[in-house]
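# Analysis of the macromolecular model
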Amino acid sequence: MTQRTSIAATDFKSDTVTTPTESMLQAMLTATHGDDVYKEDKTTNALQDRVARMAGKEAGLFVVSGTMGNQLCVRAHLHQPPYSILCDYRAHVYTHEAAGLAMLSQAMVTPVHPKKTLYITAEDIASYLILGNDIHTAPTRVISLENTLGGSIMPIDEIAKISALAKKHNLKLHLDGARLWNASAETGIPISEYGKYFDSMSLCLSKGIGAPVGTVIVGDSALIERANWFRKQLGGGIRQAGLLAAAADVALTEIFPDKLKATHQVAKKLAQEISDELGITFQIPVETNFIFLDLDKAGIDPQILVEESTKLGITVVGARITIHHQTSPEAIEKLKQALRNTVAVAKERPRSEPDGIAFSSVYDNIAPDFMQN
Ligand SMILES: Cc1ncc(COP(=O)(O)O)c(C=O)c1O
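Residues numbered from 1 in each chain as written. Predicted model: local features only at pLDDT ≥ 70, side-chain atom pairs only at ≥ 80, totals over all residues. Heavy atoms only, no water.

It is at 8 Å that the axes of helix α2 (residues 42-55) and helix α11 (residues 242-255) come closest, and there the two elements cross at 35°. As α2 runs across α11, the sense of the crossing is left-handed. Between α2, through Thr43, Thr44, Leu47, Arg50, Val51 and Met54, and α11, the contact on the second element is made entirely by Gly242, Ala245, Ala246, Ala248, Asp249, Leu252 and Thr253. Partitioned by chemical class, the residues of the contact of α2 with α11 number seven nonpolar, four polar and two charged. (Axes fitted to C-alpha atoms, helices over the stretch in contact; angles between N-to-C directions. Helix = DSSP H or I, 4+ residues; strand = E, 2+ residues; numbered from the N terminus. Left-handed = near helix turned anticlockwise from the far one by under 90°. Contact = heavy atoms within 4.5 Å. Nonpolar A, V, L, I, M, F, W, Y, C, P; charged D, E, K, R; others polar.)

Okay, the domain arrangement of the chain next. Assigned domains within the chain: domain 1 (18-255) and domain 2 (258-370). Computed from C-alpha coordinates alone, the two centres of domain 1 and domain 2 are separated by 29 Å. Summed over both sides, the interface of domain 1 with domain 2 buries roughly 2,000 Å², with 59% coming from carbon and sulfur. Looking at the side of domain 1 facing domain 2, the largest losses of area belong to Leu118, Glu186 and Ile255, adding up to 27% of the total buried there. Between the two partners, domain 1 and domain 2, sit one salt bridge. A salt bridge links lysine 268 to glutamate 186; the nearest nitrogen and oxygen atoms lie 2.7 Å apart. Looking at the side of domain 1 that touches domain 2, the elements with two or more residues in it are α8 (180-187) and α11. With four residues, α8 is the largest single contributor of residues to the side of domain 1 that touches domain 2. Class assignment of the residues belonging to the side of domain 1 that touches domain 2 gives a composition of eight nonpolar, ten polar and four charged. (Domains from an automatic or database assignment. Buried area = accessible area lost by both parts, 1.4 Å probe. Salt bridge = Lys/Arg side-chain N within 4 Å of Asp/Glu carboxyl O.)

The next subject is the packing of aromatic side chains. Tallied over the entire structure, the rule returns two aromatic pairs. Both rings, one in phenylalanine 290 and one in phenylalanine 292, keep their centres 6.1 Å apart while their planes meet at 65°; by these two values the pair is edge-to-face. Taking the relative accessible area as the measure of exposure, phenylalanine 290 reaches 4% and is therefore buried. (Phe/Tyr/Trp six-rings, centres within 6.5 Å; stacked < 30°, edge-to-face > 60°. Buried < 20%, exposed > 50% of the residue type's maximum accessible area, 1.4 Å probe, protein only.)

Structure below.
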């Protein structure tokens with residue numbers, strides 16, 4: 001089958017830019033056409049079952065996006081406000097879902113900063129739990145983790161400790177697993193092993209996995225039934241969903257785990273080359289498919305990198321460089337050239353402190369470079 005060159009080949013903005021492959025488009029042609037709101041679509045049911053099985057969970061539900069997946073899971077865990085959700089202060093569910101927790105779940109948020117590590121630990125979380133019956137408070141009901149977060153992998157033994165803490169206090173544990181596939185491909189830990197610790201997981205198929213649309217949420221049957229109710233309420237019931245599920249199913253087969261892991265190797269090699277040749281360092285270690293250039297430390301205005309990249313026909317939107325399965329080797333060479341040009345231009349145009357915005361460090365502040373989709 002001839003493969004058209006993807007428009008994503010030169011785009012380093014995100015792994016969400018990946019485009020459907022010929023085999024995904026072919027699969028769409030043979031998908032079943034049942035109405036998924038009536039649960040009558042075989043292709044969609046099969047994908048939901050497949051992902052649920054991979055996660056070691058009773059049931060799965062195909063939803064349009066990672067945002068909807070997170071919001072439905074959290075909402076389905078909750079019953080009667082007042083209550084709070086505890087999560088990392090950088091978590092997508094808190095910072096990038098248009099106040100969904102406030103609007104859809106009427107929840108307060110307890111954002112937690114990690115003290116010593118790149119990820120929040122059970123120890124960090126324990127001191128922020130809101131427990132008991134004090135009528136002034138909004139008690140914690142759900143802890144929401146994210147793995148990977150900014151491309152960093154949360155160690156499974158830390159997840160186990162957080163799960164034990166949640167169980168001890170009768171709290172639900174949710175995972176924003178938009179990129180759990182990356183963590184699993186990199187560590188070799190099966191999705192089902194991660195699944196043991198969570199009451200719900202939202203697993204995106206339209207990021208590194210490469211599907212055009214879709215996330216599957218997983219949990220026990222009662223939770224997924226409740227989530228389906230809220231999905232309908234949000235207008236998220238898709239009628240002939242099989243067309244989308246078929247593409248997502250192929251994406252999962254084709255990309256996970258080997259092609260996904262290969263994107264991590266490309267990212268690590270590229271980071272090493274950038275560091276060796278140009279002396280640029282990184283905001284955090286490169287563990288999966290994201291590279292966070294430390295442009296502050298290098299004294300580089302991100303706008304120069306954006307401009308130099310555009311001149312060479314590649315898309316870079318700031319300090320975060322994303323590698324995905326369609327990133328082309330030619331684009332990588334162009335990116336290295338854009339970085340060389342950027343360093344040269346930056347010598348002439350040194351970076352100055354922007355008005356009113358302090359330069360950030362991932363350890364000190366909310367890091368704007370993390371705050372991308
Ligand atoms: C960690 C994480 N969770 C959730 C989402 C939301 O996914 P979507 O854009 O499909 O709503 C994103 C988006 O990139 C994400 O990075």
